[in-house]
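Residues per chain, in single letters:
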Amino acid sequence: MAFTLPDLPYANDALEPAISARTLSFHHGKHHAGYVTKLNAAVEGTRFASMDIVTLLKSIDEVPADKRKAVFNNGAQHFNHSFYWTSMTPNGGSKPSGGLAKAIDAAFGDLDGLKKKLTDAAGGHFGSGWAWLVKTADGKVEVRDTHDADCPLFPSHGDLKPLLTIDVWEHAYYLDYQNQRPAYLDKVWGLLDWNFAQKQFEG
Ligand code: MN3
């Protein structure tokens, strides 16, 4: 069973004006689709082709050396983009609740504290990459940023569970914001799906 491009969980224009339909259609239909195609080419005919994407990333050290870089980059980008689409909702504006809200308050003081930490990490990230809210093995929440395709699920990061992510590659915002990454981050903050994050936190 090959890896497949998931449908977006909303229409191409559902995140406007924060993210335009043009950006979303290129980002999902060209960039994400390209990573899936290259991932399938890299794992074709191997036992890795039948793994789910999370298991594949956690098993990266078992991938033969000649395929590992392609699987690392394209596998992580497949997961990262799938997770990014579900980190946002057209019905943004809700607030964290329950155990997630308590963990955020404990780590950052309050939600504004998290916003500052996450948007600072995303805005200050040099070059292409991702900003993440993650849950650590001891149940706390932390902000991380990863370079290029790198993903918190890789064993090199220890035992981290992603809760939300923001794509800070230029292709995520350049058509809409050009070089103004902070303006993109401010709008994306308002789209974050705290119900999704809560499910990841509890799951
Ligand atoms: Mn991207």
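Bear in mind the structure is a predicted one, so any value in this text is a computation, not a measurement.

What follows concerns the side chain of Gln198. In this fold, Gln198 is placed in helix α8 (residues 194–202). The buried category is assigned to Gln198, whose relative accessible area is 9%. Within polar-contact distance, the side chain of Gln198 engages the side chain of Glu202 at 2.4 Å. Each residue touching Gln198, except ones within four places of it in the same chain, is listed here: Ser97, Gly98, Gly99 and Leu100.

Take the packing of aromatic side chains next. Scanning all chains against the criterion turns up 10 aromatic pairs. Between the aromatic rings of Phe72 and Phe154, the centroid separation amounts to 4.2 Å while the plane-to-plane angle is 5 degrees, which identifies the pairing as stacked. Taken together, the residues Phe72 in helix α3 (residues 65–87) and Phe154 in the loop between β2 (141–147) and β3 (161–167) connect sequence positions 82 residues apart. Judged by relative accessible area, Phe72 falls into the partly exposed class, the value being 26%. On the numbers, 5.0 Å between centres and 25 degrees between planes, the contact of Tyr173 with Tyr184 is stacked. Here Tyr173, found in the loop between β3 and α6 (174–177), pairs with Tyr184, found in helix α7 (residues 181–189); they are 11 residues apart in sequence, far enough to count as distant. As far as burial versus exposure is concerned, Tyr173 and Tyr184 are alike and both buried. Feature note: the residues Phe79, Phe83, Tyr84, Trp85, Trp130, Trp132 and Phe196 constitute an aromatic cluster, connected by ring pairs. The lysine or arginine in question, Lys135, covers the ring of Phe201, its NZ or CZ lying 4.3 Å from the ring centre.

The subject of this paragraph is the coordination of the manganese ion. The protein atoms that coordinate the manganese ion are His27 (NE2), His81 (NE2), Asp167 (OD) and His171 (NE2), at distances spanning 2.0 to 2.1 Å. Linear spacing of the donor residues for the manganese ion on their chain is H-x53-H-x85-D-x3-H. Remark: His81 occurs in helix α3 and His27 occurs in helix α1 (residues 21–43); sequence separation between them is 54 residues. For His27, a relative accessible area of 1% puts it in the buried group. Residue His81 is classed as buried on the basis of its relative accessible area, which comes to 0%.

This paragraph deals with the side chain of Thr146. Take Thr146: it is sitting in strand β2. For Thr146, the side chain forms a polar contact with the main-chain oxygen of Asp150, separated by 2.6 Å. Discounting residues that sit within four places of it in the chain, Thr146 has contacts with His125, Ser128, Gly129, Trp130, Trp132, Cys151, Pro152 and His157.

An ideal rise of 1.5 Å per residue puts 20 Å on 14 residues; helix α5 (residues 111–124) measures up with 19 Å between its terminal C-alpha atoms. Inspection of α5 places Leu111, Leu114, Leu118, Thr119, Ala121 and Ala122 among the buried residues, and these make up the whole buried set. End-on view of α5: buried residues confined to an arc of 155 degrees, all on one side of the axis. Looking at α5, the residues exposed on the side facing more than 90 degrees away from the buried face are Asp112, Lys116 and Gly124. The secondary structure elements touched by the buried residues of α5 are α4 (98–108), β1 (129–135), β2, β3, α7 and α8.

As far as domains go, the protein chain holds domain 1 (21–87) and domain 2 (98–202). Taken together, the contact between domain 1 and domain 2 spans 22 residues of the former and 26 residues of the latter. Counting the contacts that link domain 1 with domain 2 gives zero salt bridges. At the junction of domain 1 and domain 2, the tally comes to 10 residue pairs in polar contact (both at pLDDT 80 or more). Of all elements in the fold, only α1, α2 (53–58) and α3 reach the threshold of two or more residues within the side of domain 1 that touches domain 2. At 11 residues, α3 tops the list of elements feeding residues into the side of domain 1 that touches domain 2. Partitioning the side of domain 1 that touches domain 2 into residue classes produces 10 nonpolar, nine polar and three charged.

What counts, and at which threshold
- Residues numbered from 1 in each chain as written.
- Predicted model: local features only at pLDDT ≥ 70, side-chain atom pairs only at ≥ 80, totals over all residues.
- Heavy atoms only, no water.
- Helix = DSSP H or I, 4+ residues; strand = E, 2+ residues; numbered from the N terminus.
- Buried < 20%, exposed > 50% of the residue type's maximum accessible area, 1.4 Å probe, protein only.
- Polar contact = N/O pair within 3.5 Å; in protein donor to acceptor, adjacent residues only side chain to side chain.
- Contact = heavy atoms within 4.5 Å.
- Phe/Tyr/Trp six-rings, centres within 6.5 Å; stacked < 30°, edge-to-face > 60°.
- Lys NZ or Arg CZ within 6 Å of the ring centre and 35° of its normal.
- Donors = N, O, S within 2.8 Å, 3.2 Å for Na, K, Ca; no water.
- Expected span 1.5 Å × (residues − 1).
- Arc of directions from axis to C-beta.
- Domains from an automatic or database assignment.
- Salt bridge = Lys/Arg side-chain N within 4 Å of Asp/Glu carboxyl O.
- Nonpolar A, V, L, I, M, F, W, Y, C, P; charged D, E, K, R; others polar.

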